[in-house]
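Structural features, examined
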Amino acid sequence: MKRFSLTILFITLSLSGFAQETSYTTKQNIPYYDAGVRERDDYIEERCVLDLYFPSDKEGFPTVVWFHGGGLSAGQKEIPEALKEKGIAVVGVNYRLYPKIGAPVYIEDAAAAIAWTMKHIEAYGGDPSLVFLSGHSAGGYLAAMVGMDKKWLAKHGLDANDLAGLIPFSGHMITHFTVREERGIAGTQPIIDELAPLYHVRPDAPPLLLITGDREMEMLGRYEENAYMMRMMKVAGHQSTTLFEMDGYGHNMTHPAFPLLLNEVKRIVEKQELKD
């Protein structure tokens, strides 16, 4: 685990960006399910859309798929300001919410949005081999679930191992508290089952960067869940798992975490360029 101080933050900010002299385009409310699926359900038509923000005058750029937080029961898609004009594409995803639906529908939606991105980003100039998953809180949980449990993308004919990296912000690594609420289980009762990223620990997963707030300021046990995830990934033989703890920040720790996300994207892009 690495503690992250303000001094390191300023250094990171100076290193995190890609070339920024370019123009950007935003396309909003793109459906990520086929028309036949949308026609069967008004809620899918309403919620299962994404926004795509991308460099409009360059090619081969990486893409970050960003899932909003809100406990799987609230929230709206967003393109985080901290990720704009950084030489990358950002996909902001809406997904269906509890209690209108239950588990695992929001995971299915997340996988469908990721599949759309992997299959379509090349048409906008992006590199489909450089798709990263991220999000805050519930969004971090969704990113980790789809990236760790290969069955969700397999339903779309895709391999989760083809993702470039997983970067959840303060995400549940145990079974999400909303999933437990659906089952009548208290939020203080931890569960690790097939709807927990921890259940799917494996050595061949994409690079995993875990980021949480300060352990004394986070939501109940969130740092410890991520620390356990890091430990078990290392025990399993995964070669690229890192955990950062944002000293002095609680659950809303996205501001100092975005530079770490950008640095991780940059690191992996540069590593791939060396291979090529």
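The name an unreviewed UniProt entry assigns to the protein chain is Alpha/beta hydrolase, from the organism Echinicola strongylocentroti.

Here the focus is the packing of helix H4 (residues 105–120) against helix H5 (residues 138–148). Their axes nearest at 9 Å, the elements H4 and H5 cross at an angle of 70 degrees. On the basis of the axis angle, H4 is roughly perpendicular to H5. Together, Tyr106, Ile107, Ala110, Ala111 and Ile114 of H4 and Tyr141, Leu142, Met145 and Val146 of H5 make up the contact between the two elements. Of the residues contributing to the contact of H4 with H5, the split by class is nine nonpolar, no polar and no charged.

The next point concerns the side chain of Asp127. The residue Asp127 is located in strand S6 (residues 126–136) in this model. It turns out Asp127 is buried and unbridged, and the closest side chain with the opposite charge, Lys58, is 11 Å from it. Leave out the neighbours within four places in its chain, and Asp127 touches Gly60, Phe61, Ile121 and Gln272.

Most of H5 sits out of view: 11 of its 11 residues are buried. Turning to H5, its buried residues are Ala138, Gly139, Gly140, Tyr141, Leu142, Ala143, Ala144, Met145, Val146, Gly147 and Met148.

Take the confidence of the model for the protein chain next. Per-residue pLDDT for the protein chain averages 94, and the proportion of residues at 70 or more is 93%. Segment residues 5–17 is flagged for pLDDT under 50; beyond a separation of four residues in sequence, or across chains, it makes 17 contacts in the model.

Before going further, it helps to examine the environment of Pro256. On the secondary structure map, Pro256 appears in helix H9 (residues 254–275). Using a relative accessible area of 1% as the deciding quantity, one classes Pro256 as buried. With 10 residues separating them in the primary sequence, Pro256 and Met246 have C-alpha atoms 7.3 Å apart.

A separate point is the pairing of strand S5 (residues 89–93). Each regular strand displays side chains that alternate between the two surfaces of the sheet. With five of its five residues buried, S5 lies for the most part within the structure. Along S5, one buried face is formed by Ala89, Val91 and Val93 and the opposite face, lined by Val90 and Gly92, is buried too. Taken together, the four bridges between strand S3 (residues 49–55) and S5 define a ladder with antiparallel strand orientation. If you follow Leu50 over to S5, its bridge partner there is Val93. Relative to S5, strand S4 (residues 61–67) is paired through five bridges, and the arrangement is parallel. If you follow Val64 over to S5, its bridge partner there is Val90.

Let us look at the nonpolar core. Here is a general trend for soluble globular proteins: nonpolar side chains tend to be buried in one another's company. Judged by nonpolar contacts, the single largest core of 61 residues is most densely connected at Tyr32 and Leu153. Among the elements that take part in this core, H4 stands out by supplying 11 residues, more than any other. Membership of the second largest hydrophobic core comes to 26 residues, among which are Tyr24, Ile88, Ala164 and Val269.

Turning to its location among the elements, Arg96 is positioned in the loop between S5 and H4. Look at Arg96 and you get buried, because its relative accessible area is 9%. In this structure the side chain of Arg96 is engaged in a polar contact, spanning 2.7 Å, whose partner is the side chain of Asp109.

The rules we used
- Residues numbered from 1 in each chain as written.
- Predicted model: local features only at pLDDT ≥ 70, side-chain atom pairs only at ≥ 80, totals over all residues.
- Heavy atoms only, no water.
- Axes fitted to C-alpha atoms, helices over the stretch in contact; angles between N-to-C directions.
- Helix = DSSP H or I, 4+ residues; strand = E, 2+ residues; numbered from the N terminus.
- Parallel < 35°, antiparallel > 145°, perpendicular 65-115°, else oblique.
- Contact = heavy atoms within 4.5 Å.
- Nonpolar A, V, L, I, M, F, W, Y, C, P; charged D, E, K, R; others polar.
- Buried < 20%, exposed > 50% of the residue type's maximum accessible area, 1.4 Å probe, protein only.
- Lys, Arg positive; Asp, Glu negative; His and termini not counted.
- Salt bridge = Lys/Arg side-chain N within 4 Å of Asp/Glu carboxyl O.
- pLDDT = per-residue confidence, 0-100.
- Pairing = 2+ DSSP bridges.
- Core = buried A, V, L, I, M, F, W, Y, C linked by side-chain atoms within 4.5 Å.
- Polar contact = N/O pair within 3.5 Å; in protein donor to acceptor, adjacent residues only side chain to side chain.

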